[in-house]
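So you can see what is in the structure, the chains are spelled out below.
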Amino acid sequence: MADNPALSAAATRGGPVLPVFIWSPEDEGAWPPGAASRWWLHHSLASLDADLRGRGSRLLFLRGPALAVLEALVEETKADAVFWNRRYEPAAETTSAAVKTKLSDAGVLAKSFNGALLREPAEIATALGKPFQVFTPFSRAHEALPPPPVPTAPPKKFPAPARWPASGLLTDLGLLSKIRWDDGFAKVWTPGEAGAAKAMTTFVKRGLDDYDHGRDLPGRPGTSRLSPHLHFGEISPRQVHHALIKAPRHPAAASSLKRFRFEILWREFSLHLLHHFPRTPDHPLRPAFEKFPWKAPGAALAQWKKGATGYPVVDAGLRELWRTGWMHNRVRMIVASFLVKDLGIDWREGAAWFWDTLVDADLANNTLGWQWSAGCGADAAPFFRIFNPVLQGEKFDAAGAYVRAWVPELAAMPDKWIHRPWQAPPEVLEKAGVTLGATYPG
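I will try to describe carefully the structure that is included in this document.

With that out of the way, let us pick up the overall build of the protein chain. Along the protein chain, the regular secondary structure elements total 18 helices and 4 strands. The C-alpha atoms of the protein chain give a radius of gyration of 23 Å, which matches the 22 Å a tight globule of 442 residues would have. The C-alpha extent of the protein chain, read off along each of the three principal axes, is 80 × 50 × 50 Å. Going through the 442 residues of the protein chain one by one, you find that 50% of them count as buried. In the protein chain, the proportion of contacts linking residues at least 24 apart, taken out of those at least 6 apart, comes to 78%. Approximately 20,600 Å² of the protein chain is accessible, and the part contributed by carbon and sulfur atoms is 57%. Placing the 52 positive and 44 negative side-chain charges of the protein chain at their respective mean positions leaves the two points 3 Å apart.

Here you go:
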């Protein structure tokens, strides 16, 4: 509710305000929200509805094509204005443009706002007026602009209508999976604005000063874990930006602050690319990779998804993903490199799995990350650059804390062998209770 320009515009315009959520997966093109995203969305909407009710309002739950639902709602309520915050996925931009045109033609004030980015994609361009495709010059151009405005406070009240339109229940939307594979998510996540604020406060107090180093160590809580909160609009990048400015920090932490600011800009860069290159979720940015001879996925893809590849850090990451709906960013790069460059499987297979299982699944960031790993996108490393899963594990999880947490079959393995159990002497494996191919990978 804080720093929500569409909500603020509606509240300050005068007259009753109707907060509406429309569930319209048919408007999302080939990328409707995956299962983990729907879990988050359900609980985030419940939190938002509770916040609105605390201010004398409520959230309407409707479903169907957004334009048709809004036209019917405008007709029923005689509303003369519709406000929303922009999204930048290709299908969402198409829907937004259609809504704006149709409602405007009908005499309704239809206005959208930037609530998701520090800078809109059209605000940043190369000297030739073209979109950036490399992060470093993009970040320099971004940093050269004036600072983003100070976040706005949430409206104190929302005038309620004399009669509320008919609304379904949140549960009617059917967002939660019938197969409760996501039961563990609630142990590690608190969707909603309050959860986002707590995550931001915790990170500033405990993780920001050491972020430059801690962000690469999956066995410790060194990252902000703000990504799902940012994706679902529970906290804005402006709020994050200004929280960092105000945060008390050790003078030696300047590099950590800069590093985290770059991560926020990487998110901006991903949306910049998706806006300007809308085909990239399904096609490589570099055309030469369009006909790359990928191998048939088969059993290798299934083993990768289950975390049963036999490479401990890869398996740990994929099991963390299944249990929590999230994976440490360093490990995301390792498991992506393994799928694409060791197994030779199309990056789109991995992107689809992440899309369905990540609570922070974001089309722009997911696309950029997988194309970066495959060497076929913007700012990408050459295809022949490979993240060796053994060396990566030994470098960033030297004591094996991360592997032990998610691959308990290897918990008793000595540090020396935990990332390469197939090279351990037989007596070491026996003492650790490990039988390769039987107890691990099972």
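Let's pick the thread back up.
Take the packing of aromatic side chains next. Tallying each qualifying case throughout the model produces 27 aromatic pairs. Pairing Phe132 with Phe138 gives two aromatic rings, centres 6.0 Å apart and planes at 80°, and the pair type is edge-to-face. Assessed through its relative accessible area of 8%, Phe132 is described here as buried. Note on Phe138: relative accessible area 1%, which makes it buried. Grouping aromatic residues by their ring pairs yields a cluster made of Trp39, Trp40, Trp181, Phe185, Trp189, Phe232, Trp322, Trp326 and Trp353. For Arg58, the ring lying beneath its charged end belongs to Trp164, and the centroid distance is 5.3 Å. Over the ring of Trp326 we find Arg225, and its NZ or CZ is 4.3 Å from the ring centre.

For any two helices packed against each other, the geometry is given by the interaxial angle and the distance between the axes. Viewed as axis vectors pointing N to C, helix H13 (residues 329-342) and helix H15 (residues 363-374) meet at an angle of 55°, and their least axial separation amounts to 9 Å. Viewed along their axes, H13 and H15 adopt a mutual orientation that is oblique. For H13 against H15, the interelement crossing comes out right-handed. For the pair H13 and H15, the contacting residues are Met333, Ala336, Leu339, Val340 and Lys341 in the first and Trp370, Trp372, Ser373 and Ala374 in the second. Per-class residue counts for the contact of H13 with H15 are 7 nonpolar, 1 polar and 1 charged.

Summed over the entire model, instances satisfying the criterion amount to 22 salt bridges. Of the charged contacts in the structure, one is a salt bridge between Glu263 and Arg215, with a shortest N-O distance of 2.9 Å. With a gap of 48 residues between them, Glu263 in helix H10 (residues 254-276) and Arg215 in the loop between helix H7 (211-214) and helix H8 (227-231) connect regions that are remote in the sequence. Residue classification places Glu263 among the partly exposed positions, given a relative accessible area of 21%. The salt bridge involving Arg330 is made with Asp216; its shortest N-O contact spans 3.2 Å. Taken as a pair, Arg330 in helix H13 and Asp216 in the loop between H7 and H8 lie far apart in primary sequence, 114 residues in all. Across this residue pair, the class does not change: Arg330 and Asp216 are buried.

About the cut-offs
Residues numbered from 1 in each chain as written. Predicted model: local features only at pLDDT ≥ 70, side-chain atom pairs only at ≥ 80, totals over all residues. Heavy atoms only, no water. Helix = DSSP H or I, 4+ residues; strand = E, 2+ residues; numbered from the N terminus. Rg over C-alpha atoms; globule rule 2.2 N^0.38 Å. Buried < 20%, exposed > 50% of the residue type's maximum accessible area, 1.4 Å probe, protein only. Contact = heavy atoms within 4.5 Å. Areas by Shrake-Rupley, 256 points an atom, 1.4 Å probe, with all protein chains shown as cover. Lys, Arg positive; Asp, Glu negative; His and termini not counted. Charge placed at Lys NZ, Arg CZ, Asp CG, Glu CD. Phe/Tyr/Trp six-rings, centres within 6.5 Å; stacked < 30°, edge-to-face > 60°. Lys NZ or Arg CZ within 6 Å of the ring centre and 35° of its normal. Axes fitted to C-alpha atoms, helices over the stretch in contact; angles between N-to-C directions. Parallel < 35°, antiparallel > 145°, perpendicular 65-115°, else oblique. Left-handed = near helix turned anticlockwise from the far one by under 90°. Nonpolar A, V, L, I, M, F, W, Y, C, P; charged D, E, K, R; others polar. Salt bridge = Lys/Arg side-chain N within 4 Å of Asp/Glu carboxyl O.

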